[in-house]
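Okay, here's what each chain looks like letter by letter:
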Amino acid sequence: TLREDFDSHNSELTFKYTCASIKTFLQKNQDRKDQIRIWTDDTDLLEKTLASCDVDYSCLNITNIKKEIDEDKLHPYPWTPKINFMIRHFENDSFWIDNDCICRKNVDPLVESLNDDVIVFWELERQIKNSRPYWGWQMAANLLNIPWDYWVANSGIIGISKKNIESDLLRLSFDACFKIY
C-alpha cells in the first residue's frame, strides 16, 4: 500500500518544511495572521520548530488533532482522509495551504476571487523520477508501464466556497483521483 512508504517518515523534516510554509505565508500576509489555523498531531514539535526558526507562533491558532490523524492514517489511500478532513473542518469560504507550499505573494487576490463558481487550485509539474515514492506516481507508472521520465501535474484545491464543498463537486474530484490510482 501507499502507507508502507511512511514507515521511515521523519516528523522533524516534515515540520521543517511546514515551518517554511508558515513563515513564508506570514511574511506575505501579515494582515491575515489571526486567521491562520494549523492542525497537527504534534503541537510540541511544531512549536519547537517554529521557535527555532524565529517564527512568532503566539498569534497562530494551533490545534492538536492527533486522535483524528491517527484514525486517518488507517486509510490505505491518502485522498480519503484529505477530503474527510476538509469536510470536518470547513468554515464558510476557506483557503487551504498544504504544509509543503511556499507562499511567494500576498493571497488577497486569490481569497477575494472565491465564490460559489470559483475554486482555486495550485499546480506543480514534474517528472515522475523526481517525485517522492509515497506520492504514488512511481507506483502508478510501474503498473501502467510508463517510463519515469514522464511528466505529471499535481493539482490541489487551496480555495473553495462552502457551497462547493457541500456539493458533489469535491467528492467527484476525489473519486476520480481514487480511480486513477
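Everything below is about the structure printed above this text.
Structure report, in brief. (Residues numbered from 1 in each chain as written. Predicted model: local features only at pLDDT ≥ 70, side-chain atom pairs only at ≥ 80, totals over all residues. Heavy atoms only, no water.)

### So, helix α6 (residues 137–144)
Listing the buried residues of α6 in full gives W137, Q138, A140 and A141. Along the axis of α6, the buried residues cluster in a sector spanning 160°; they form a single face. Positive backbone phi, at 55°, marks N145, one or two positions downstream of α6. (Buried < 20%, exposed > 50% of the residue type's maximum accessible area, 1.4 Å probe, protein only. Helix = DSSP H or I, 4+ residues; strand = E, 2+ residues; numbered from the N terminus. Arc of directions from axis to C-beta.)

### Here we look at the side chain of S21
Following the sequence through the fold, S21 ends up in helix α1 (residues 11–28). The class for S21 is buried, based on a relative accessible area of 7%. Leaving out residues up to four positions away in the same chain, S21 has contacts with I97, D98, N99, C101 and I102. (Contact = heavy atoms within 4.5 Å.)

### Here's the deal with the nonpolar core
One finds I22, I38, L46, L50 and L60 to be the most contacted residues of the largest nonpolar core, which totals 15 residues. Sort the elements by how many residues they give to this core and α1 lands first, with 5 residues. Not counting residues within four places of it along the chain, the set of residues in contact with L46 comprises F15, T18, I22, I38, T40 and I62. In this structure, I65, F85, M86 and F90 belong to the second largest nonpolar core, which totals 6 residues. (Core = buried A, V, L, I, M, F, W, Y, C linked by side-chain atoms within 4.5 Å.)

### Focus on α1
Helix length check: α1 (18 residues) gives 26 Å between terminal C-alpha atoms against 26 Å at 1.5 Å per residue, within 8%. Every buried residue of α1 is accounted for by T14, F15, T18, C19, S21, I22, T24, F25 and L26. Summarising the contacts, the buried residues of α1 are in contact with β1 (37–40) and α2 (43–52). (Expected span 1.5 Å × (residues − 1).)

Distances and angles like these do not, on their own, reveal function.
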